[in-house]
There are 2 protein chains.
Amino acid sequence: MPVSADDVRRAVAAGAGLIRETPVVSSQTLTERTGVTVALKAENLQRTGSFKLRGALAKLASLGKACEPGVVTGSAGNHALAVAFAARVRGVPCEVFMPEFAPIAKAEAAIALGAQVRLVGATVDESLTAARDRAEAGGLMFVHPFDDPEVIAGQGGLGLELLAQVPEMTRVIVPVGGGGLISGVAIAIKSQRPDVEVIGVQAEACAPFPASLAAGEPVAVQSALTIADGIAVKRPGRLTLGLIARWVDGLVLVGEDEVAEAMVFLLERAKLVVEGAGAVGVAALLAGRLPQDSSGTTVAILSGGNVDPGLLAQIARRHESQAGRRFVLLARLPDRPGSLALLLSLVGQLGANLLDVEHIREGFDLHVRETAVQLVLETRGPEHAAEVQRTVREAGYAEPRAVR
Amino acid sequence: MPVSADDVRRAVAAGAGLIRETPVVSSQTLTERTGVTVALKAENLQRTGSFKLRGALAKLASLGKACEPGVVTGSAGNHALAVAFAARVRGVPCEVFMPEFAPIAKAEAAIALGAQVRLVGATVDESLTAARDRAEAGGLMFVHPFDDPEVIAGQGGLGLELLAQVPEMTRVIVPVGGGGLISGVAIAIKSQRPDVEVIGVQAEACAPFPASLAAGEPVAVQSALTIADGIAVKRPGRLTLGLIARWVDGLVLVGEDEVAEAMVFLLERAKLVVEGAGAVGVAALLAGRLPQDSSGTTVAILSGGNVDPGLLAQIARRHESQAGRRFVLLARLPDRPGSLALLLSLVGQLGANLLDVEHIREGFDLHVRETAVQLVLETRGPEHAAEVQRTVREAGYAEPRAVR
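The notes below deal with the structure included here. Please read all numbers here as calculations on a predicted model, not as lab measurements.

We now examine the overall build of chain A. Summing up its helical and strand segments, chain A has 15 helices and 15 strands in all. Based on the C-alpha atoms only, the size of chain A along its principal axes is roughly 80 × 50 × 40 Å. Residues counted as buried form 55% of the 404 residues belonging to chain A. The long-range share in chain A, meaning contacts at least 24 apart out of those at least 6 apart in sequence, stands at 74%. Averaged over its 39 positive side-chain charges, chain A has a centre that lies 2 Å from the centre of its 44 negative ones.

Okay, structure coming up:
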């Protein structure tokens, strides 16, 4: 085999003292909602914010003196931070190639870890190619994000931790991008406990593994934007594809809304910041994509937590609206003093909390002596929102029609 | 003593199997920024989202059969959830009195745990009084949020955990509201390790302990709104005041902005959702309110994580603006086709990412053939934001003056 359980143990030794043993947290709410006993592996609390550090440390340790001239990689996110951190630990130079439109915060974070950042290419694939070219031209070591036996062995350390932390584990759910994490985890766990099911999760928007497994070779998919950008890998690795075919029990897909809901669930209930890619396992559980398994504990790996606070804010807002907790009400007002005050006191009596009010005068069919207002309200749920809307309409505040 | 180390051990036994041993996470960034070796006690990951469950379980266990008719408390947040959870575990009825304007989400959460919620009073103090009256009238057991020996002993369990988890601990920083947590933690730790310093943190906006300690009796302060609403207690307890005078080494205060920055730091760097009250220890460290202590590890207790996602969103946005990552630019435009496109391509060439654009036509001194636009931009930092502003101004897009 290209990667063995012994390789994983060697990789773990290489990361000793640098890798944090991340906690496992049970989730009663998730257990109640899904009928499955769930434990969450909070790998988002790993240094650099994701599991990627395990593989990067293992790879650089295996290179030894060969990485002294410097290491190069291509990534828009977690792998870049991990390689930069590992290079800093070993005191070797690090160059990271990122797509030209990578979020500014990601580039800044890599720079803060001492990496030189080069913005090249429109996609991560193009950045990776540029990184490989640069490594060849400059005599530097290229570190692939997933299709590398040492990297895979390093990620496997997470599996060994789980064996010790959750002896009652019967199933583990792993996010799948390039496939490095699930390959390593499956090898580590199945070598000792072949009875533990290992299930991968991909985002529907970018899921090349099902077709690639069927074809027996890597088949690329068209790239699509996904909130799980950390696992948006268009073409599986050759190595990881073979390992997944050999070791993994099943693959499921999740939709974008399901991932966003899982992120909010983890924020609100588990108090953990988890990026989209890290939340796909919980998304699969919440969406009922996995059979119930009452015999033991299902572990969902929260693989990373590097997410822009602005995106978190956006997801939280959308969730409040969908849950009927935020309700946007459009109302027609007679244009005379005190008419907004009357509407607002009506809304207040109904127990809805006013978050925002805005006058709207354009784009709607309004009489000369009328104006329209948009109220953003905090409500208790869909029934409450509907009650507010009905009462406001019955009191004569009709909704204006949009002018096309 | 009213509460002893033995009481704490008994309380821990009462919560066994229900209290989660919450993880301790080191923070290299915090260590680098402050010069202090810092470990974070992630008590925000406790069941019900805060340490309060420890005290509530201990109290109900000590009541035994006496709580069968039901328990009553007053709280707008964490204590309410904790008592509701503890009552559900013991199968006894629970009533929670909350202020009339408590966030809807908090009331819903208590209801979801099986509590009956009554909205009474304008402040938590008024709710507490109503709860006590209700308990007396109805023959129910009143559970005080902090000024109760059993509750304090229960919170002390967190201190025992820390002794085992962080043997190198030389200092512990504890949020102080009513004082129940710090009293219990100080008793538990100092009874075994009198050398460990115990420091409390209050929000400046609501900090009655310094004057109360000086006076030797509880002195109330005027209530003030604070982002650390979980510790906005206007008057210390008699019991906790005495315990703090006896056991605690020092108290520091933090400002509102410092708390907000600490919350964002914990979200972005530690990947943990921590409420304002839970973040005051990290705020004190980041603001340099504590002397450096190079000899050992300082533990900051993140006491809770129950925070409205809407508030998180707001804090994250504000932080991005202050860090120069979000920059709001006002510009005057000639009112002719293509003029906005020209401005936007200028801004794009400077590497600033456009988040929002809005036309503004009122409230500003504009010529008839002019309009104004407000751009919200993602920038790399203060210098970049200044560069964008300067370039836009030099290209002739002056800022309009507000009309008063």
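Resuming the write-up.
The next thing to look at is the sheet that holds strand β12 (residues 353-360) of chain A. All names here are of chain A. The three strands lie next to each other as β11-β14-β12, forming an open sheet whose pairing is antiparallel. Strand pairing shows two members of the sheet lacking a second neighbour, β11 (326-334) and β12, which therefore form its edges. Averaged over all adjacent pairs, the angle separating strand axes in this sheet is 25°, with direction ignored. In terms of strand pairing, β11 meets strand β14 (residues 370-378) through nine bridges, oriented antiparallel. Along β14, the bridge assignment pairs R326 with E378. The sheet strands contacting helix α14 (residues 339-349) are β11, β12 and β14, and the helix crosses β14 at an angle near 30°. Where helix α15 (residues 382-394) meets the sheet, it contacts β11 and β14, and its direction lies at approximately 5° from that of β11.

Right, let's get into the packing of helix α8 (residues 180-192) of chain B against helix α10 (residues 238-247) of chain B. Residue and element names in this part refer to chain B. It is at 9 Å that the axes of α8 and α10 come closest, and there the two elements cross at 40°. Once α8 is placed against α10, the crossing between them reads as left-handed. Taken together, the residues of α10 that come into contact with α8 (itself represented by G180, I182, S183, A186, I187, K190 and S191) are T240, L243, I244 and W247. Broken down by class, the residue content of the contact of α8 with α10 amounts to six nonpolar, four polar and one charged.

So, about the interface of chain A and chain B. By a frequent convention, interface size equals the accessible area lost on bringing the separate parts together. Contact with chain A, which involves 39 residues of that partner, is made by 39 residues of chain B. A buried area of about 3,000 Å², summed over both sides, lies between chain A and chain B, and 55% of it is on carbon and sulfur atoms. Together, A:I104, A:K271 and A:P309 form the three largest contributors to the area buried by chain A at its contact with chain B, with a combined 22%. Between the two partners, chain A and chain B, sit zero salt bridges. Linking chain A with chain B are eight residue pairs in polar contact (both at pLDDT 80 or more), by the criterion used here. In terms of residues, the side of chain A that touches chain B owes the most to one element, helix α13 (residues 309-322) of chain A, which gives seven residues.

As a further point, take the pairing of strand β14 (residues 370-378) of chain B. Residue and element names in this part refer to chain B. Among the nine residues in β14, eight count as buried, and that is most of the element. In this structure, strand β12 (residues 353-360) lies alongside β14, joined through seven bridges in antiparallel fashion. The residue bridging E358 from the neighbouring strand is Q374, located in β14.

This part takes up a negative patch on the surface. Together, A:D356, A:E358, B:D356 and B:E358 make up a negatively charged patch on the protein surface. Broken down by secondary-structure element, the contributors of at least two residues to the negative patch are β12 of chain A together with β12 of chain B. Residue position: A:D356 is located in strand β12. The class of A:D356 is partly exposed, set by a relative accessible area of 38%.

Another aspect to go through is the relation of the copies chain A and chain B. Placing chain A over chain B gives an RMSD of 0.1 Å and needs a rotation angle of 180°, together with 0.1 Å of translation along the axis. Interpreted geometrically, this transformation is the action of a two-fold axis. Closest to the rotation axis within chain A is the C-alpha of A:A313, separated from it by 2.2 Å. A share of 100% of the interface residues of chain A reappears at the interface of chain B, consistent with the copies meeting face to face through the same patch.

Over its 13 residues, helix α4 (residues 78-90) of chain B runs 19 Å from end to end, which matches the ideal 18 Å to within 8%, given 1.5 Å per residue. Taken as a whole, α4(B) has its buried residues at B:N78, B:H79, B:A80, B:L81, B:A82, B:V83, B:A84, B:F85, B:A86 and B:A87. The inward-facing, buried residues of α4(B) abut α2 (28-34) of chain A together with α3 (52-63), β3 (71-74), β4 (94-98) and α5 (104-112) of chain B. Immediately beyond the C-terminal end of α4(B), within one or two residues, lies B:G91, with a positive phi of roughly 70°.

The residue A:G15 is located in helix α1 (residues 5-15) in this model. Taking C-alpha positions, A:G15 is 10.0 Å from A:K59, a pair spaced 44 residues apart along the chain.

All names here are of chain B. Topologically, V143 is positioned in the loop between β6 (141-142) and α7 (149-165). Distance from V143 to T73, taken between C-alpha atoms, is 5.3 Å for residues 70 residues apart in sequence. Other than its neighbours up to four places away in sequence, V143 contacts K59, L60, V71, V72, T73, H79 and V83.

About the cut-offs
Residues numbered from 1 in each chain as written. Chains lettered and ligands numbered in written order. Predicted model: local features only at pLDDT ≥ 70, side-chain atom pairs only at ≥ 80, totals over all residues. Heavy atoms only, no water. Helix = DSSP H or I, 4+ residues; strand = E, 2+ residues; numbered from the N terminus. Buried < 20%, exposed > 50% of the residue type's maximum accessible area, 1.4 Å probe, protein only. Contact = heavy atoms within 4.5 Å. Lys, Arg positive; Asp, Glu negative; His and termini not counted. Charge placed at Lys NZ, Arg CZ, Asp CG, Glu CD. Pairing = 2+ DSSP bridges. Axes fitted to C-alpha atoms, helices over the stretch in contact; angles between N-to-C directions. Left-handed = near helix turned anticlockwise from the far one by under 90°. Nonpolar A, V, L, I, M, F, W, Y, C, P; charged D, E, K, R; others polar. Buried area = accessible area lost by both parts, 1.4 Å probe. Salt bridge = Lys/Arg side-chain N within 4 Å of Asp/Glu carboxyl O. Polar contact = N/O pair within 3.5 Å; in protein donor to acceptor, adjacent residues only side chain to side chain. Patch = residues over 30% accessible without salt bridge, like charges linked within 9 Å, V, L, I, M, F, W, Y side chains within 5 Å. Areas by Shrake-Rupley, 256 points an atom, 1.4 Å probe, with all protein chains shown as cover. Least-squares fit on C-alpha atoms with pLDDT ≥ 70 in both. Expected span 1.5 Å × (residues − 1).

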